[in-house]
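# Residue-level structure breakdown
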Amino acid sequence: MGETFRQVLFVEPCGLRPVQPGDWRRGWRWLRDAITGRVQRAPGSKELGWHASAEPRILPLPFVPLTGRSWADGVNGRIALRRLFAALGTQAPGRTILWTSTPAPLLPGLLQRFPRRLLIYDWIDDYRLFSHLPGRVIETQDRLIRDADLLFASSKRLCERAARMRAEVRSPSEEASVFFLSNGVDLDHWTGAGVGSERPPAIRHIPPPLIGYFGTLSHWVDFELVAALAGKNPSWSFLFIGPAAGAGQFDRLSPYRNIHWIGQQPYERLPELAGCFDLCWIPFVADPVTEAINPVKVYEYLALGKRVVAPPLPDLRKLEPHVILASGVDGMERAIAQGLAPDLPEQLHARRLLAARFRWETLWAEAGRRIVKHLAEGGDAGNVDQLP
């Protein structure tokens, strides 16, 4: 975005659930930034060579940490509105493209009062999947789907669902403003990873072959499948990297000595750790809800040159045979055995080439073309470079 628009302002999200006691570290960082009120330069913008006027900036927001309660959402919306007007200045009204990818319940109040050129909803997850979130999050998601001028959906299933919902309230021409925009990968971050002669200390004790997963451990992970595979294949090591959403999520796997969990790791370390995987996998439950997922991690796995085993999610079919699709304990077991077979350098290279098709720069270029076309068809055909 920083290479396309004159100004880009990232607004720090205030979260989609009320703050809990375990959030104190995150809360302290937020409080420090919000009290200062400074608009910060986005990390890495200088290294990317953006012109000073186009450098993405970050706007921290003070907020009432009770997301989902109507009075708190109203207060947070008014705070966000004042901060936006102060940060954008006099040129903003009527010229701003408002792009949102999280259905924060403060948004309905903000949208009523904030003049804009376009509202774009980047629908990356169906938040019905997250059962712990307040109902107002789902209400905001549905409103954004109906009201956005342009909607980008990260999976084909979300795209189809958005089109059906918009057909109920919009004209046929407006329904067409729904586009598939795949998830992708920061290719430089992942292809720059190298596997050293020794594994990192956190996983050095785990015997090969190493079947790895990184990401949040929540109800979309098929823990019964993981336990069954670990029990049938004691010579395989299963490694999980990431936070567990909810107490006791991982406890059911503790009896298995070949299952290892090292918790959440810094994003900067993930390529080094995942570079040690002998096979990457996505042990998701296969159901109508997870069918709407187009997991970012699959493109990150491929950027590392790794074979991937995953359930037959619709958006992964285009990645075969580099992603081996399987379901059920027996099917997954065969797929993992196939994925652990000796690899060839040309296959590794082919997987990296496949990942390169989904680099964020390429995907954003397509989104930018859609935005310009939409403005032109609406009689607002200015040069996109002149948009704040």
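Heads up: the structure comes first, above all this text.
Residues numbered from 1 in each chain as written. Predicted model: local features only at pLDDT ≥ 70, side-chain atom pairs only at ≥ 80, totals over all residues. Heavy atoms only, no water.

### Details of the overall build of the protein
Secondary structure assignment for the protein yields 13 helices and 13 strands. Put simply, the protein has 388 residues, and 48% of those count as buried. Counting only carbon and sulfur atoms, one obtains 54% of the accessible surface of the protein, whose full area is about 18600 Å². (Helix = DSSP H or I, 4+ residues; strand = E, 2+ residues; numbered from the N terminus. Buried < 20%, exposed > 50% of the residue type's maximum accessible area, 1.4 Å probe, protein only. Areas by Shrake-Rupley, 256 points an atom, 1.4 Å probe, with all protein chains shown as cover.)

### Some words on the environment of glutamate 377
The residue glutamate 377 is located in helix 13 (residues 360–377) in this model. Among the polar contacts made by the side chain of glutamate 377, one reaches the side chain of lysine 373 at a distance of 2.5 Å. (Polar contact = N/O pair within 3.5 Å; in protein donor to acceptor, adjacent residues only side chain to side chain.)

### Topic: the packing of helix 10 (residues 296–303) against helix 12 (residues 345–356)
In contact at an axis separation of 7 Å, helix 10 and helix 12 are set at 135° when each is read in the N-to-C sense. Taken together, helix 10 and helix 12 sit at an angle that is classed as oblique. Taken as a pair, helix 10 and helix 12 cross one another with a handedness that is left-handed. Taking contact as the criterion, the partners of Tyr299, Leu302 and Ala303 in helix 10 are, on helix 12, Arg351, Arg352, Leu354 and Ala355. (Axes fitted to C-alpha atoms, helices over the stretch in contact; angles between N-to-C directions. Parallel < 35°, antiparallel > 145°, perpendicular 65-115°, else oblique. Left-handed = near helix turned anticlockwise from the far one by under 90°. Contact = heavy atoms within 4.5 Å.)

### Describing the pattern of salt bridges
Inspection of the entire model under this criterion finds 16 salt bridges. Residues lysine 232 and aspartate 330 are paired through a salt bridge, measuring 3.3 Å at the closest nitrogen-oxygen approach. Of the two residues, lysine 232 is situated in helix 8 (residues 223–232) and aspartate 330 in helix 11 (residues 328–339); the sequence distance between them amounts to 98 residues. Here glutamate 366 ties to arginine 370 by a salt bridge, and the two come within 3.1 Å at their closest N and O atoms. In this pair, glutamate 366 and arginine 370 are both assigned in helix 13, 4 residues apart and thus about one turn of the helix distant. Classification of glutamate 366 as partly exposed rests on a relative accessible area of 30%. Here arginine 370 falls in the partly exposed class, since its relative accessible area comes to 31%. The network of salt bridges with common partners includes Asp126, Arg128, Asp142 and Arg161. (Salt bridge = Lys/Arg side-chain N within 4 Å of Asp/Glu carboxyl O.)

### So, the nonpolar core
Judged by nonpolar contacts, the single largest core of 98 residues is most densely connected at Tyr213, Phe238, Phe240, Trp281, Leu319 and Ile336. It is helix 8 that provides the largest number of residues to this core, a total of 6 residues. Every residue in contact with leucine 319, bar those within four places of it in the chain, is listed here: Val298, Tyr299, Leu302, Leu354 and Phe358. (Core = buried A, V, L, I, M, F, W, Y, C linked by side-chain atoms within 4.5 Å.)

### Side note on helix 12
The terminal C-alpha atoms of helix 12, which comprises 12 residues, lie 17 Å apart, in line with the 16 Å expected from a rise of 1.5 Å per residue. If you check which residues of helix 12 are buried, you get Arg351, Leu354 and Ala355. Across the axial projection of helix 12, the buried residues extend over an arc of 100°, all falling on one side. Every exposed residue of helix 12 that faces more than 90 degrees away from the buried side is listed here: Pro345 and Glu346. Of the surrounding elements, those touching the buried residues of helix 12 are helix 7 (187–191) and helix 10. (Expected span 1.5 Å × (residues − 1). Arc of directions from axis to C-beta.)

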